[in-house]
Amino acid sequence: MSMHIKHGFIEEVTFRPIGIIHSEYKDPAMVPFIPICPCGGRGVAEIWPQFEPGLQDVEGFSHLHLIYYFHIAGKPELFIKPLLGDGMRGVFATRSTRRPNPIGLSVVELIKREGPRLYLDNLDILDGTPLLDIKPFISRTDNRLDSCDGWLTQFEPDLTNL
């Protein structure tokens, strides 16, 4: 990672991928809207050789957070028309790919690890997506049973039927 600071403000932050995500989704229109529905797909995160040692002990976790770069997101927008509802929403209140910093976050199920390859399920990521980081999903700290889903609460019956 590198940073460029100008006039006391961070002007630019640069990351390098640690690997690439392979999935069955070759077309962005085919990526599932919500990966926990039965349509979530399988795929593989291939980690570059210099980062493979960092995978030690990852196989003990059932789920992982994948942080990745939306490499074909298009021009950023501050207001988005989400798939649910009729109104416009601020981009930071959505999961849109068209963000000022096109970074994605997904929770996926780890099926198995074979060397530098992580075999995954419940994947909602486009094939060829650059992988920036992996973090373990820790149920005691990542589950928030008292959380609120904001404007999406009006669609709860629709979300449970996906």
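Quick caveat, the model's predicted, so the values are computed rather than measured.

Asks: Tell me what's going on with the side chain of Asp-124, and back it up with residues and numbers.
Replies: As for its placement among the helices and strands, Asp-124 is situated in the loop between strand E9 (117-123) and strand E10 (129-136). Buried charged residue Asp-124 carries no salt bridge. Nearest counter-charge: Arg-95, at 6.1 Å. In terms of polar contacts, Asp-124 uses its side chain to reach the side chain of Ser-106, at 2.6 Å.

Asks: So what about the packing of aromatic side chains? Which residues, and what values?
Replies: What the rule picks out here adds up to one aromatic pair. Ring centres 5.4 Å apart and planes at 90 degrees place the aromatic pair Tyr-68 and Phe-70 in the edge-to-face group. Side by side, Tyr-68 and Phe-70 carry an identical accessibility label, which is buried. Here the basic side chain of Lys-112 rests over the ring of Tyr-119, its NZ or CZ set 5.0 Å away from the ring centre.

Asks: If you had to explain the nonpolar core to someone new, which residues and values would you point to?
Replies: If you look at the biggest cluster of nonpolar residues, it comprises 19 residues, and the most contacted ones within it are Leu-66, Leu-118, Leu-120, Leu-131 and Ile-134. Apart from residues lying up to four places away in sequence, Leu-118 is in contact with Gly-43, Val-44, Ala-45, Leu-55, Val-58, Leu-64, Leu-110, Lys-112, Arg-113 and Ile-134.

Asks: Any details on the side chain of Arg-99? Residues and values, ideally.
Replies: Mapped onto the elements of the fold, Arg-99 is located in the loop between strand E7 (89-90) and strand E8 (103-114). A polar contact of 3.3 Å, which involves the side chain of Arg-99, links it to the backbone oxygen of Val-91.

Asks: Could you give an account of the environment of Ala-73, naming the residues involved and the relevant values?
Replies: Secondary-structure assignment places Ala-73 in the loop between strand E5 (63-69) and strand E6 (79-80). Residue classification places Ala-73 among the buried residues on the basis of a relative accessible area of 12%. For the pair Ala-73 and Pro-102, spaced 29 residues apart in sequence, the C-alpha separation works out to 6.8 Å. The contacts of Ala-73, once residues within four sequence positions are left out, are Thr-97, Arg-98 and Pro-102.

Asks: Help me get a handle on the sheet that holds E10, residues and values and all.
Replies: Through backbone hydrogen bonds, the strands of a sheet pair up, either in parallel or in antiparallel fashion. The strand order around the closed barrel built from six strands is E3-E4-E9-E8-E5-E10, with neighbouring strands paired in antiparallel fashion. Ignoring strand direction, the axes of neighbouring strands in this sheet form an average angle of 45 degrees. One ladder, built from five bridges, connects E5 with E10; its direction is antiparallel. Looking at E10, one finds that Ile-67 is bridged to Asp-133.

Asks: So what's going on with a nonpolar patch on the surface? Which residues, and what values?
Replies: A surface patch of nonpolar side chains, amounting to about 510 Å² of accessible area, comprises Leu-78, Phe-79, Met-88 and Phe-92. As for its placement among the helices and strands, Met-88 is situated in the loop between E6 and E7. Residue Met-88 is classed as exposed on the basis of its relative accessible area, which comes to 52%.

Each value, and the rule that gives it
- Residues numbered from 1 in each chain as written.
- Predicted model: local features only at pLDDT ≥ 70, side-chain atom pairs only at ≥ 80, totals over all residues.
- Heavy atoms only, no water.
- Helix = DSSP H or I, 4+ residues; strand = E, 2+ residues; numbered from the N terminus.
- Buried < 20%, exposed > 50% of the residue type's maximum accessible area, 1.4 Å probe, protein only.
- Lys, Arg positive; Asp, Glu negative; His and termini not counted.
- Salt bridge = Lys/Arg side-chain N within 4 Å of Asp/Glu carboxyl O.
- Polar contact = N/O pair within 3.5 Å; in protein donor to acceptor, adjacent residues only side chain to side chain.
- Phe/Tyr/Trp six-rings, centres within 6.5 Å; stacked < 30°, edge-to-face > 60°.
- Lys NZ or Arg CZ within 6 Å of the ring centre and 35° of its normal.
- Core = buried A, V, L, I, M, F, W, Y, C linked by side-chain atoms within 4.5 Å.
- Contact = heavy atoms within 4.5 Å.
- Pairing = 2+ DSSP bridges.
- Axes fitted to C-alpha atoms, helices over the stretch in contact; angles between N-to-C directions.
- Patch = residues over 30% accessible without salt bridge, like charges linked within 9 Å, V, L, I, M, F, W, Y side chains within 5 Å.
- Areas by Shrake-Rupley, 256 points an atom, 1.4 Å probe, with all protein chains shown as cover.

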